[in-house]
Amino acid sequence: MTAVVVILSILLILEFSFAPVNLVTGRNAPLFTQFTGISSRNAMLVVAAVDALGALLVAVGLFAPKVSIAGAVLITALCAWYLVMMVRHGHFGSGLVGFLLFGSWSVGLLWAQLARH
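A brief look at the structure comes next.

## Quick notes on the overall build of the protein
Logical step 1: Across its full length, the protein holds 5 helices and 0 strands.
Logical step 2: In summary, the protein has a C-alpha radius of gyration of 14 Å against a globular reference of 13 Å for 117 residues, a match within 12%.
Logical step 3: Seen through its principal axes, the protein has C-alpha atoms that stretch 40 × 25 × 15 Å.
Logical step 4: Relative to its full complement of 117 residues, the protein shows a buried share of 40%.

Shown next as structure tokens:
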């Protein structure tokens, strides 16, 4: 179970560390606005911070499992929010598939951490 936790944690840390960078630098801002209807400024201020917090919690969770659970719950909720926003705005492409994948990783991490206790 430890290997599952480490692998899923690393994958989530990578995704949710780079996502805020891409939003803040503006690289993904136009797509983000198109997919979610949220302005680039709000994406940079709020969504990027929540993404980064999720990555931080999962990273700390490698050493403190209860923190990992909080990170997995946050990222699962964030992925669910992304999915709802994309569906509301009629986007059913690769972004939707990506957040289904990331959400499944976070649910898997949550399950693995809970199974360890």
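## Details of helix H2 (residues 29-36)
Residues separated by three or four positions in an α-helix point in the same direction, a consequence of the helix having 3.6 residues per turn.
Logical step 1: Along H2, the positions that sit buried rather than exposed are Ala 29, Phe 32 and Thr 36. Along the axis of H2, the buried residues cluster in a sector spanning 60°; they form a single face.
Logical step 2: Summarising the contacts, the buried residues of H2 are in contact with helix H1 (2-24), helix H3 (40-61) and helix H4 (65-88).
Logical step 3: Just downstream of H2, Gly 37 is the residue with a positive phi angle, here 80°.

## Details of the environment of Gly 61
Logical step 1: In this structure, Gly 61 sits in helix H3.
Logical step 2: Spatially, the C-alpha atoms of Gly 61 and Asn 28 are 28 Å apart, while their sequence positions differ by 33 residues.
Logical step 3: Apart from residues lying up to four places away in sequence, Gly 61 is in contact with Val 67, Ser 68 and Gln 113.

## Some thoughts on the packing of H3 against H4
Logical step 1: Where H3 meets H4, the axes come as close as 7 Å, and the angle between the chain directions of the two elements is 150°. Taken together, H3 and H4 sit at an angle that is classed as roughly antiparallel. The two elements H3 and H4 cross, and the hand of that crossing is left-handed. In this structure, H3 contributes Val 47, Val 50, Asp 51, Leu 53, Gly 54, Ala 55, Leu 57, Val 58, Val 60 and Gly 61 to the contact, and H4 contributes Pro 65, Val 67, Ser 68, Ala 70, Gly 71, Ala 72, Leu 74, Ile 75, Leu 78, Trp 81 and Tyr 82.
Logical step 2: Residues belonging to the contact of H3 with H4 are distributed by class as follows: 16 nonpolar, 4 polar and 1 charged.

Reading guide: rules and limits
Residues numbered from 1 in each chain as written. Predicted model: local features only at pLDDT ≥ 70, side-chain atom pairs only at ≥ 80, totals over all residues. Heavy atoms only, no water. Helix = DSSP H or I, 4+ residues; strand = E, 2+ residues; numbered from the N terminus. Rg over C-alpha atoms; globule rule 2.2 N^0.38 Å. Buried < 20%, exposed > 50% of the residue type's maximum accessible area, 1.4 Å probe, protein only. Arc of directions from axis to C-beta. Contact = heavy atoms within 4.5 Å. Axes fitted to C-alpha atoms, helices over the stretch in contact; angles between N-to-C directions. Parallel < 35°, antiparallel > 145°, perpendicular 65-115°, else oblique. Left-handed = near helix turned anticlockwise from the far one by under 90°. Nonpolar A, V, L, I, M, F, W, Y, C, P; charged D, E, K, R; others polar.

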